[in-house]
Amino acid sequence: MKIKSSLLKAAIAFLIPAALFAVSGCQSTKTQAASDAAELKTVTDENARMVSEMTRAREDDVRTMNELKAAIEENTARTVKTQETCSGAARKLEQENQSLRQELNALSGEIRKTKGAAPRDTAGSAVKVSGDATRLDNGKMIFGNQEWVYIAEADASFASRIDTGASVSSINATNIEKVEKDGKVWYNFDIPLDDGNVIHLSAPRVRTAVIIQASSDRPEERPVVKLTVKIGSYTGVNEFSLKNRDKMQFPLLVGREFIQDIAVVDVSRENVQRKIDSSVTVEAYKDAGDKNREKNSSGKNNKKDKKDKPAKDGSEDNKEQPKEKRAEPQQVLAHPKEEPLEGADSGAGAPDAGSGQK
(Lines give C-alpha, C1' and ligand atoms only; values in the text may rest on other atoms or scores of the structure.)
Protein backbone atom coordinates (compact mmCIF):
# COMPACT_ATOMS: atom_id res chain seq x y z
CA MET A 1 0.00 0.00 0.00
CA LYS A 2 2.83 2.30 0.79
CA ILE A 3 4.36 1.71 -2.63
CA LYS A 4 1.11 2.41 -4.43
CA SER A 5 0.61 5.52 -2.35
CA SER A 6 4.11 6.73 -3.31
CA LEU A 7 3.54 6.03 -6.95
CA LEU A 8 0.24 7.87 -6.82
CA LYS A 9 1.85 10.85 -5.22
CA ALA A 10 4.62 10.88 -7.81
CA ALA A 11 2.09 10.64 -10.64
CA ILE A 12 0.08 13.48 -9.20
CA ALA A 13 3.25 15.54 -8.79
CA PHE A 14 4.11 14.94 -12.47
CA LEU A 15 0.63 15.45 -13.91
CA ILE A 16 -0.13 18.73 -12.13
CA PRO A 17 2.85 20.64 -13.64
CA ALA A 18 2.16 19.07 -17.04
CA ALA A 19 -1.43 20.20 -16.88
CA LEU A 20 -0.39 23.64 -15.78
CA PHE A 21 2.15 23.77 -18.64
CA ALA A 22 -0.46 22.68 -21.13
CA VAL A 23 -2.92 25.28 -19.93
CA SER A 24 -0.22 27.99 -20.02
CA GLY A 25 0.90 26.94 -23.53
CA CYS A 26 -2.62 27.12 -24.88
CA GLN A 27 -3.13 30.57 -23.45
CA SER A 28 0.20 31.79 -24.95
CA THR A 29 -0.66 30.36 -28.36
CA LYS A 30 -4.03 32.05 -28.27
CA THR A 31 -2.49 35.42 -27.42
CA GLN A 32 0.11 35.12 -30.27
CA ALA A 33 -2.60 34.20 -32.73
CA ALA A 34 -4.63 37.24 -31.72
CA SER A 35 -1.57 39.47 -32.13
CA ASP A 36 -0.79 38.00 -35.54
CA ALA A 37 -4.38 38.50 -36.64
CA ALA A 38 -4.34 42.15 -35.58
CA GLU A 39 -1.04 42.75 -37.42
CA LEU A 40 -2.36 41.01 -40.52
CA LYS A 41 -5.46 43.18 -40.44
CA THR A 42 -3.29 46.32 -40.15
CA VAL A 43 -1.17 45.24 -43.13
CA THR A 44 -4.29 44.38 -45.11
CA ASP A 45 -5.83 47.76 -44.37
CA GLU A 46 -2.58 49.53 -45.37
CA ASN A 47 -2.41 47.57 -48.60
CA ALA A 48 -6.02 48.43 -49.34
CA ARG A 49 -5.29 52.11 -48.73
CA MET A 50 -2.24 52.03 -51.00
CA VAL A 51 -4.20 50.24 -53.70
CA SER A 52 -6.91 52.90 -53.45
CA GLU A 53 -4.32 55.72 -53.72
CA MET A 54 -2.62 54.02 -56.66
CA THR A 55 -5.98 53.65 -58.37
CA ARG A 56 -6.73 57.34 -57.90
CA ALA A 57 -3.23 58.27 -59.12
CA ARG A 58 -3.69 56.11 -62.18
CA GLU A 59 -7.04 57.75 -62.86
CA ASP A 60 -5.35 61.18 -62.54
CA ASP A 61 -2.58 60.08 -64.93
CA VAL A 62 -5.11 58.83 -67.43
CA ARG A 63 -7.03 62.11 -67.20
CA THR A 64 -3.81 64.14 -67.60
CA MET A 65 -2.76 62.03 -70.58
CA ASN A 66 -6.15 62.56 -72.18
CA GLU A 67 -5.86 66.32 -71.64
CA LEU A 68 -2.35 66.36 -73.14
CA LYS A 69 -3.53 64.30 -76.07
CA ALA A 70 -6.40 66.71 -76.68
CA ALA A 71 -4.04 69.70 -76.45
CA ILE A 72 -1.62 68.07 -78.90
CA GLU A 73 -4.41 67.33 -81.31
CA GLU A 74 -5.66 70.93 -81.03
CA ASN A 75 -2.17 72.37 -81.59
CA THR A 76 -1.63 70.04 -84.52
CA ALA A 77 -4.90 71.12 -86.08
CA ARG A 78 -4.03 74.80 -85.49
CA THR A 79 -0.55 74.30 -86.99
CA VAL A 80 -1.96 72.57 -90.04
CA LYS A 81 -4.48 75.39 -90.47
CA THR A 82 -1.73 78.02 -90.10
CA GLN A 83 0.43 76.22 -92.64
CA GLU A 84 -2.45 76.06 -95.06
CA THR A 85 -3.10 79.80 -94.53
CA CYS A 86 0.59 80.63 -95.06
CA SER A 87 0.77 78.45 -98.12
CA GLY A 88 -2.32 80.18 -99.52
CA ALA A 89 -0.84 83.60 -98.78
CA ALA A 90 2.48 82.60 -100.37
CA ARG A 91 0.69 81.39 -103.48
CA LYS A 92 -1.27 84.64 -103.61
CA LEU A 93 1.90 86.72 -103.20
CA GLU A 94 3.62 84.72 -105.92
CA GLN A 95 0.67 85.36 -108.23
CA GLU A 96 0.78 89.08 -107.39
CA ASN A 97 4.55 89.16 -107.96
CA GLN A 98 4.09 87.44 -111.29
CA SER A 99 1.43 89.98 -112.23
CA LEU A 100 3.69 92.85 -111.14
CA ARG A 101 6.58 91.43 -113.15
CA GLN A 102 4.37 91.25 -116.20
CA GLU A 103 3.23 94.84 -115.64
CA LEU A 104 6.85 95.94 -115.14
CA ASN A 105 7.89 94.24 -118.36
CA ALA A 106 5.00 95.90 -120.14
CA LEU A 107 5.95 99.30 -118.70
CA SER A 108 9.58 98.75 -119.66
CA GLY A 109 8.45 98.06 -123.20
CA GLU A 110 6.35 101.21 -123.19
CA ILE A 111 9.28 103.23 -121.86
CA ARG A 112 11.54 101.88 -124.60
CA LYS A 113 8.91 102.75 -127.17
CA THR A 114 8.40 106.27 -125.82
CA LYS A 115 12.09 107.02 -125.19
CA GLY A 116 12.84 110.51 -126.38
CA ALA A 117 9.21 111.64 -126.05
CA ALA A 118 8.32 114.90 -124.32
CA PRO A 119 9.03 114.97 -120.54
CA ARG A 120 6.15 114.78 -118.09
CA ASP A 121 5.43 116.66 -114.91
CA THR A 122 4.51 115.15 -111.54
CA ALA A 123 0.84 114.86 -112.61
CA GLY A 124 1.87 112.69 -115.54
CA SER A 125 0.85 115.12 -118.25
CA ALA A 126 3.29 116.00 -121.01
CA VAL A 127 5.42 119.08 -120.40
CA LYS A 128 6.25 121.24 -123.39
CA VAL A 129 9.79 122.42 -123.94
CA SER A 130 10.15 126.13 -124.62
CA GLY A 131 11.38 127.39 -127.96
CA ASP A 132 15.01 127.82 -126.81
CA ALA A 133 15.16 124.18 -125.65
CA THR A 134 16.78 125.21 -122.36
CA ARG A 135 13.71 124.97 -120.13
CA LEU A 136 10.29 123.42 -119.74
CA ASP A 137 7.22 125.57 -120.03
CA ASN A 138 6.64 125.08 -116.29
CA GLY A 139 9.74 127.23 -115.69
CA LYS A 140 12.26 124.56 -114.83
CA MET A 141 15.59 124.65 -116.62
CA ILE A 142 17.00 121.64 -118.46
CA PHE A 143 20.48 120.45 -117.49
CA GLY A 144 22.54 118.13 -119.63
CA ASN A 145 24.91 115.52 -118.23
CA GLN A 146 27.49 118.34 -117.95
CA GLU A 147 27.10 122.11 -117.67
CA TRP A 148 29.14 125.28 -117.14
CA VAL A 149 28.69 126.55 -113.55
CA TYR A 150 29.84 130.05 -112.62
CA ILE A 151 31.21 130.61 -109.08
CA ALA A 152 31.03 134.32 -108.24
CA GLU A 153 33.68 134.22 -105.47
CA ALA A 154 36.21 132.82 -107.97
CA ASP A 155 34.89 134.78 -110.98
CA ALA A 156 35.33 131.50 -112.84
CA SER A 157 33.18 129.14 -114.93
CA PHE A 158 33.71 125.46 -114.13
CA ALA A 159 33.05 122.46 -116.36
CA SER A 160 30.72 120.49 -114.08
CA ARG A 161 29.32 117.00 -113.96
CA ILE A 162 25.55 116.85 -113.28
CA ASP A 163 25.06 113.86 -110.99
CA THR A 164 21.63 113.03 -109.56
CA GLY A 165 23.23 110.17 -107.63
CA ALA A 166 24.99 112.66 -105.35
CA SER A 167 23.20 114.64 -102.66
CA VAL A 168 25.53 117.56 -101.89
CA SER A 169 27.57 119.25 -104.62
CA SER A 170 31.37 119.11 -104.50
CA ILE A 171 34.18 121.38 -105.73
CA ASN A 172 37.86 120.63 -106.22
CA ALA A 173 39.89 122.06 -103.33
CA THR A 174 43.47 121.69 -102.11
CA ASN A 175 45.46 123.27 -99.24
CA ILE A 176 42.28 123.50 -97.18
CA GLU A 177 42.77 125.67 -94.08
CA LYS A 178 40.25 126.40 -91.33
CA VAL A 179 40.33 129.99 -90.04
CA GLU A 180 38.22 132.30 -87.87
CA LYS A 181 36.63 135.48 -89.17
CA ASP A 182 34.48 137.67 -86.93
CA GLY A 183 34.00 134.79 -84.52
CA LYS A 184 32.87 132.36 -87.21
CA VAL A 185 34.52 129.49 -89.02
CA TRP A 186 35.71 129.98 -92.60
CA TYR A 187 37.80 127.86 -94.92
CA ASN A 188 40.62 129.04 -97.17
CA PHE A 189 41.37 126.70 -100.07
CA ASP A 190 42.94 126.58 -103.54
CA ILE A 191 41.48 125.44 -106.85
CA PRO A 192 44.31 124.17 -109.08
CA LEU A 193 44.27 124.86 -112.83
CA ASP A 194 45.69 122.80 -115.65
CA ASP A 195 48.34 125.44 -116.42
CA GLY A 196 49.85 125.24 -112.93
CA ASN A 197 48.09 128.35 -111.58
CA VAL A 198 45.61 128.29 -108.74
CA ILE A 199 42.54 130.22 -107.64
CA HIS A 200 42.55 131.18 -103.95
CA LEU A 201 39.13 131.23 -102.29
CA SER A 202 37.68 131.80 -98.84
CA ALA A 203 34.14 130.72 -97.90
CA PRO A 204 32.05 130.39 -94.70
CA ARG A 205 31.64 126.97 -93.15
CA VAL A 206 28.17 125.39 -93.05
CA ARG A 207 28.89 122.01 -91.50
CA THR A 208 31.11 118.94 -91.75
CA ALA A 209 29.78 116.09 -93.88
CA VAL A 210 30.73 112.57 -92.74
CA ILE A 211 30.96 110.34 -95.81
CA ILE A 212 31.42 106.60 -96.24
CA GLN A 213 32.60 105.34 -99.61
CA ALA A 214 31.44 101.98 -100.91
CA SER A 215 35.07 100.87 -101.25
CA SER A 216 35.95 101.67 -97.63
CA ASP A 217 34.38 101.23 -94.19
CA ARG A 218 36.34 104.21 -92.84
CA PRO A 219 34.29 107.44 -92.81
CA GLU A 220 35.68 110.56 -94.47
CA GLU A 221 34.99 114.02 -93.09
CA ARG A 222 34.58 116.89 -95.56
CA PRO A 223 33.99 120.56 -94.77
CA VAL A 224 30.92 122.08 -96.46
CA VAL A 225 30.90 125.77 -97.43
CA LYS A 226 28.52 128.19 -99.16
CA LEU A 227 29.33 129.67 -102.57
CA THR A 228 27.40 132.00 -104.88
CA VAL A 229 26.42 130.19 -108.07
CA LYS A 230 25.09 131.15 -111.48
CA ILE A 231 23.89 128.71 -114.10
CA GLY A 232 21.52 129.68 -116.87
CA SER A 233 18.89 132.01 -115.39
CA TYR A 234 19.52 130.81 -111.84
CA THR A 235 21.56 132.74 -109.26
CA GLY A 236 21.75 131.57 -105.66
CA VAL A 237 23.88 130.48 -102.72
CA ASN A 238 24.52 126.74 -102.61
CA GLU A 239 26.46 124.28 -100.47
CA PHE A 240 29.63 122.57 -101.72
CA SER A 241 31.80 120.02 -99.97
CA LEU A 242 35.55 120.62 -100.32
CA LYS A 243 37.22 117.60 -101.89
CA ASN A 244 40.45 117.05 -103.79
CA ARG A 245 39.08 116.05 -107.20
CA ASP A 246 42.43 116.02 -109.03
CA LYS A 247 41.96 112.39 -110.00
CA MET A 248 38.48 113.07 -111.33
CA GLN A 249 37.69 114.57 -114.70
CA PHE A 250 35.42 117.43 -113.62
CA PRO A 251 36.52 120.03 -111.05
CA LEU A 252 32.94 120.54 -109.89
CA LEU A 253 30.05 118.12 -109.31
CA VAL A 254 26.42 119.26 -109.06
CA GLY A 255 24.22 117.13 -106.79
CA ARG A 256 20.50 116.70 -106.16
CA GLU A 257 20.18 119.47 -103.56
CA PHE A 258 21.38 121.94 -106.18
CA ILE A 259 19.17 120.55 -108.96
CA GLN A 260 15.90 120.04 -107.12
CA ASP A 261 13.16 122.61 -107.69
CA ILE A 262 15.12 124.46 -110.40
CA ALA A 263 15.88 121.94 -113.16
CA VAL A 264 15.39 118.52 -114.72
CA VAL A 265 18.23 116.49 -116.24
CA ASP A 266 18.40 115.24 -119.82
CA VAL A 267 21.41 112.91 -119.83
CA SER A 268 21.39 112.74 -123.63
CA ARG A 269 22.47 116.41 -123.87
CA GLU A 270 25.48 118.49 -122.79
CA ASN A 271 25.96 122.17 -121.94
CA VAL A 272 22.32 123.08 -122.45
CA GLN A 273 22.56 126.32 -120.44
CA ARG A 274 24.48 129.35 -121.67
CA LYS A 275 27.99 129.76 -120.28
CA ILE A 276 28.42 132.81 -118.02
CA ASP A 277 31.26 135.19 -118.97
CA SER A 278 34.10 135.00 -116.44
CA SER A 279 37.76 135.87 -115.93
CA VAL A 280 38.79 132.21 -115.67
CA THR A 281 37.50 129.09 -117.37
CA VAL A 282 38.21 125.82 -115.52
CA GLU A 283 37.74 123.11 -118.10
CA ALA A 284 37.44 119.41 -117.53
CA TYR A 285 40.84 118.03 -116.56
CA LYS A 286 42.34 116.21 -119.51
CA ASP A 287 45.37 115.11 -117.48
CA ALA A 288 44.84 113.83 -113.95
CA GLY A 289 48.59 113.75 -113.27
CA ASP A 290 50.28 115.72 -110.50
CA LYS A 291 52.34 117.79 -112.96
CA ASN A 292 49.28 119.90 -113.82
CA ARG A 293 48.25 120.31 -110.19
CA GLU A 294 51.29 122.21 -108.90
CA LYS A 295 50.69 125.47 -107.13
CA ASN A 296 52.00 128.62 -108.82
CA SER A 297 55.26 129.59 -107.14
CA SER A 298 54.19 133.24 -106.99
CA GLY A 299 51.36 132.31 -104.58
CA LYS A 300 49.21 135.15 -105.96
CA ASN A 301 45.49 134.93 -106.53
CA ASN A 302 45.93 134.28 -110.21
CA LYS A 303 42.75 134.72 -112.24
CA LYS A 304 44.33 134.48 -115.61
CA ASP A 305 42.33 135.95 -118.47
CA LYS A 306 41.50 133.31 -121.00
CA LYS A 307 39.29 133.31 -124.04
CA ASP A 308 36.17 131.33 -123.34
CA LYS A 309 35.84 128.38 -125.59
CA PRO A 310 32.31 128.03 -126.93
CA ALA A 311 30.38 124.99 -125.72
CA LYS A 312 30.12 122.36 -128.39
CA ASP A 313 27.25 120.02 -127.71
CA GLY A 314 28.31 116.50 -128.38
CA SER A 315 31.93 117.44 -129.17
CA GLU A 316 34.80 115.22 -128.13
CA ASP A 317 36.29 117.95 -125.91
CA ASN A 318 33.19 118.04 -123.73
CA LYS A 319 32.87 114.33 -123.28
CA GLU A 320 34.14 112.73 -120.11
CA GLN A 321 37.57 111.20 -120.58
CA PRO A 322 38.18 107.69 -119.22
CA LYS A 323 39.87 107.59 -115.83
CA GLU A 324 42.26 105.12 -114.30
CA LYS A 325 39.88 104.78 -111.39
CA ARG A 326 36.26 105.83 -111.26
CA ALA A 327 34.89 107.64 -108.23
CA GLU A 328 33.19 105.30 -105.79
CA PRO A 329 29.62 106.05 -104.69
CA GLN A 330 29.47 107.65 -101.27
CA GLN A 331 26.93 108.22 -98.56
CA VAL A 332 26.45 111.19 -96.24
CA LEU A 333 25.53 110.04 -92.74
CA ALA A 334 22.26 111.23 -91.23
CA HIS A 335 24.08 113.03 -88.36
CA PRO A 336 26.98 115.09 -89.77
CA LYS A 337 29.76 115.86 -87.33
CA GLU A 338 29.94 119.45 -86.12
CA GLU A 339 33.46 120.91 -85.89
CA PRO A 340 33.43 124.55 -84.68
CA LEU A 341 36.60 126.39 -83.71
CA GLU A 342 37.26 126.69 -80.01
CA GLY A 343 35.40 129.73 -78.75
CA ALA A 344 33.89 130.38 -82.20
CA ASP A 345 30.34 130.33 -83.49
CA SER A 346 29.29 126.95 -84.88
CA GLY A 347 28.57 128.55 -88.26
CA ALA A 348 25.40 129.20 -90.21
CA GLY A 349 23.15 126.45 -91.42
CA ALA A 350 21.85 123.33 -89.75
CA PRO A 351 23.46 119.92 -90.44
CA ASP A 352 21.97 118.30 -93.48
CA ALA A 353 21.03 114.61 -93.76
CA GLY A 354 21.69 114.19 -97.48
CA SER A 355 22.94 110.91 -98.95
CA GLY A 356 24.80 109.81 -101.99
CA GLN A 357 27.42 112.63 -101.94
CA LYS A 358 30.28 112.14 -104.36
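Predicted model, so just to flag it, every value in this text is computed and none were measured.

Here is what the cut-offs are and how they apply
- Residues numbered from 1 in each chain as written.
- Predicted model: local features only at pLDDT ≥ 70, side-chain atom pairs only at ≥ 80, totals over all residues.
- Heavy atoms only, no water.
- Helix = DSSP H or I, 4+ residues; strand = E, 2+ residues; numbered from the N terminus.
- Buried < 20%, exposed > 50% of the residue type's maximum accessible area, 1.4 Å probe, protein only.
- Contact = heavy atoms within 4.5 Å.
- Core = buried A, V, L, I, M, F, W, Y, C linked by side-chain atoms within 4.5 Å.
- Phe/Tyr/Trp six-rings, centres within 6.5 Å; stacked < 30°, edge-to-face > 60°.
- pLDDT = per-residue confidence, 0-100.
- Patch = residues over 30% accessible without salt bridge, like charges linked within 9 Å, V, L, I, M, F, W, Y side chains within 5 Å.
- Areas by Shrake-Rupley, 256 points an atom, 1.4 Å probe, with all protein chains shown as cover.
- Salt bridge = Lys/Arg side-chain N within 4 Å of Asp/Glu carboxyl O.
- Pairing = 2+ DSSP bridges.

A. View of the overall build of the protein chain. Looking only at helices and strands, one finds 2 helices and 13 strands in the protein chain. Per-residue burial for the protein chain yields a buried fraction of 30% across its 358 residues. Within the protein chain, contacts between residues separated by at least 24 positions form 66% of all contacts whose residues are at least 6 apart in sequence.

B. Representation of the nonpolar core in the model. Core analysis: the largest hydrophobic core is formed by 34 residues, its most contacted members being Phe143, Ile151, Phe158, Ile171, Ile199 and Phe258. Among residues more than four places away in sequence, those in contact with phenylalanine 143 are Ile162, Ile231, Phe258, Ile259, Ile262, Ala263, Val264, Val265, Asp266, Val272 and Gln273.

C. Up close: the packing of aromatic side chains. Under the defined criterion, the tally for this structure stands at 2 aromatic pairs. Ring geometry for tyrosine 234 versus phenylalanine 258: centroids 5.8 Å apart, planes at 65°, classification edge-to-face. Placement of the pair is tyrosine 234 in strand β9 (residues 234-243) and phenylalanine 258 in helix α2 (residues 256-259), with a sequence separation of 24 residues. Ring centres 6.5 Å apart and planes at 65° place the aromatic pair phenylalanine 240 and phenylalanine 258 in the edge-to-face group. With a gap of 18 residues between them, phenylalanine 240 in strand β9 and phenylalanine 258 in helix α2 connect regions that are remote in the sequence.

D. The arrangement of the confidence of the model for the protein chain in detail. Put simply, the protein chain has an average pLDDT of 75, and 69% of its residues get 70 or more. Here strand β13 (residues 330-332) is the element of the protein chain with the lowest mean pLDDT, 37, and strand β2 (residues 146-151) is the one with the highest, 95.

E. Looking closely at a nonpolar patch on the surface. A cluster of nonpolar side chains, Leu8, Ile12 and Ile16, forms an exposed patch at the surface whose accessible area comes to about 280 Å². Inspection of the secondary structure puts isoleucine 16 in helix α1 (residues 2-113). The class for isoleucine 16 is partly exposed, based on a relative accessible area of 48%.

F. Molecular detail of unusual backbone geometry. Phi is positive for aspartate 182, which is not a glycine, with a value near 55°. Among the structural elements, aspartate 182 can be located in the loop between β5 (174-181) and β6 (184-192). Residue classification places aspartate 182 among the exposed residues on the basis of a relative accessible area of 83%. A positive phi is found at asparagine 271, a non-glycine position, where the angle reads about 50°.

G. A look at the pairing of strand β8 (residues 220-231). As defined by bridge partners, β2 adjoins β8 across 2 bridges and the pair is classed as antiparallel. Bridging across to β8, tyrosine 150 finds its partner in lysine 230. Pairing analysis gives 8 bridges linking β8 to β9, with the strands arranged antiparallel. Its bridge partner lying in β9, threonine 228 is registered against valine 237. Linking β8 back to β9 in an antiparallel pair, the connection comprises 2 residues, with glycine 232 at a positive phi of about 60°.

H. Structural context of the pattern of salt bridges. Applying the stated criterion across every chain, the model contains 9 salt bridges. Note that glutamate 53 and arginine 49 form a salt bridge whose closest N and O atoms lie 2.6 Å from each other. Of the two residues, glutamate 53 and arginine 49 are both situated in helix α1; the distance of 4 residues between them amounts to about one turn of the helix. The residue arginine 63 makes a salt bridge to aspartate 60 at a minimum N-O spacing of 2.4 Å.

I. Quick look at the environment of leucine 253. With respect to the element layout, leucine 253 can be found in strand β10 (residues 252-254). Sequence separation of leucine 253 and serine 169 is 84 residues, and the distance between their C-alpha atoms is 5.4 Å.

J. Highlighting the pairing of β2. Of all 6 residues in β2, 6 are buried, a share of seventy percent or more. Side chains Gln146, Trp148 and Tyr150 project from β2 onto one buried face, and the interleaved Glu147, Val149 and Ile151 project onto a second face that is buried too. Pairing of β2 with strand β3 (residues 156-162), which is carried by 6 bridges, proceeds in the antiparallel orientation. For tyrosine 150, the partnering residue across the bridge sits in β3 and is serine 157.

K. Geometry of the environment of lysine 184. Topologically, lysine 184 is positioned in strand β6. Spatially, the C-alpha atoms of lysine 184 and proline 204 are 7.8 Å apart, while their sequence positions differ by 20 residues.

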